[in-house]
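Chain by chain, the residues:
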Amino acid sequence: VQLVESGGGLVQPGGSLRLSCAGTGLTFNNYGMGWFRQAPGKEREFVAGIIWSGTNTAYTDSVKGRFTISRDNAKNTVYLQMNSLKPEDTAVYYCAADLGRRTAVRDVEYEYDYWGQGTQVTVSS
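First, a word on scope: everything that follows refers to the structure included in this document. (Residues numbered from 1 in each chain as written. Predicted model: local features only at pLDDT ≥ 70, side-chain atom pairs only at ≥ 80, totals over all residues. Heavy atoms only, no water.)

1. A look at the pattern of salt bridges
Phase 1: Inspection of the entire model under this criterion finds seven salt bridges.
Phase 2: In this structure, Lys64 engages Asp61 in a salt bridge whose closest nitrogen and oxygen atoms are separated by 3.0 Å.
Phase 3: Its salt-bridge partner being Asp98, residue Arg106 comes within 3.6 Å of it at the nearest N-O pair.
Phase 4: Three or more residues joined by partner-sharing salt bridges are found here, namely Arg37, Glu45, Arg66 and Asp89. (Salt bridge = Lys/Arg side-chain N within 4 Å of Asp/Glu carboxyl O.)

2. A word on the pairing of strand β7 (residues 67-72)
Phase 1: In β7, alternate side chains face the same way, and those of Phe67, Ile69 and Arg71 are buried while those of Thr68, Ser70 and Asp72 on the opposite face are not.
Phase 2: In this structure, β7 lies alongside strand β8 (residues 77-82), joined through six bridges in antiparallel fashion. When the sheet's bridge partners are listed, Phe67 is paired in β8 with Met82.
Phase 3: Where β7 hands over to β8, the hairpin turn is made up of four residues, of which Asn76 adopts a positive phi near 55 degrees. (Buried < 20%, exposed > 50% of the residue type's maximum accessible area, 1.4 Å probe, protein only. Helix = DSSP H or I, 4+ residues; strand = E, 2+ residues; numbered from the N terminus. Pairing = 2+ DSSP bridges.)

3. A word on the pairing of strand β1 (residues 2-6)
Phase 1: Side chains Leu3 and Glu5 of β1 all project onto a buried face; the interleaved residues Gln2, Val4 and Ser6 project onto a face where none is buried.
Phase 2: Examined bridge by bridge, β1 and strand β3 (residues 17-24) share five bridges and lie antiparallel to one another. Across the sheet, the residue bridging to Gln2 is Thr24, located in β3.

4. Remarks on unusual backbone geometry
Phase 1: Here the phi dihedral of Asn76 falls at roughly 55 degrees; this positive angle occurs in a residue that is not glycine.
Phase 2: A residue is classified by how much of its surface remains accessible, and Asn76, at 24% relative accessible area, is partly exposed.
Phase 3: With phi around 50 degrees, Ser84 is a residue other than glycine that occupies positive phi space.
Phase 4: The exposure class of Ser84 is partly exposed, given its relative accessible area of 40%.

5. Points about the nonpolar core
Phase 1: Membership of the largest hydrophobic core comes to 27 residues, with the highest contact counts inside it found for Met33, Trp35, Leu80, Met82 and Tyr93.
Phase 2: Listing elements by their share of this core, those giving two or more residues are β3, β4 (31-38), β5 (45-50), β7, β8, β9 (91-99) and β11 (119-123).
Phase 3: Leaving out residues up to four positions away in the same chain, Met82 has contacts with Gly15, Ser16, Leu17, Leu19, Arg66, Phe67, Tyr93 and Val121.
Phase 4: Formed by six residues, the second largest nonpolar core is a distinct cluster that contains Phe46, Ile51, Ala96 and Val105. (Core = buried A, V, L, I, M, F, W, Y, C linked by side-chain atoms within 4.5 Å. Contact = heavy atoms within 4.5 Å.)

6. Examining the side chain of Glu5
Phase 1: By the secondary structure assignment, Glu5 is in strand β1.
Phase 2: In this structure, Glu5 is buried with no salt-bridge partner, the nearest side chain bearing the opposite charge being Arg44 at 7.4 Å.
Phase 3: Separated by 2.8 Å, the side chain of Glu5 and the backbone nitrogen of Cys95 make a polar contact.
Phase 4: Here Gln117 takes part through its backbone nitrogen, which lies 3.1 Å from a polar atom of the side chain of Glu5.
Phase 5: Ignoring sequence-local partners within four residues, the contact set of Glu5 consists of Ser20, Cys21, Trp35, Tyr93, Tyr94, Cys95, Gly116, Gln117, Gly118 and Thr119. (Lys, Arg positive; Asp, Glu negative; His and termini not counted. Polar contact = N/O pair within 3.5 Å; in protein donor to acceptor, adjacent residues only side chain to side chain.)

Pasting the structure below:
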């Protein structure tokens, strides 16, 4: 199983980025997907998640209304659209896969089975 993130970069405050995570070696629609992030000196935290069908999503409070998670099972890809970015959103962003056709999003790191290598997002003027 391999998860590969892309789309990170440097953006000014108030700007937007869209992260993508492509999965290979797995039956993608058997997995819930999540995005986590880790800022320097901080623990990795849950950002957003989406169940296998795409019909249920969850977000951490600090990104609600600004970030949107979505998935395209035909392309084995999950996305994170990030708008109105703030300097405190600066972090390495990871996607993760949780095996199971659950009805609820999991938001705890250890519940995820596979992880990508991460992509850097820097919000700075």
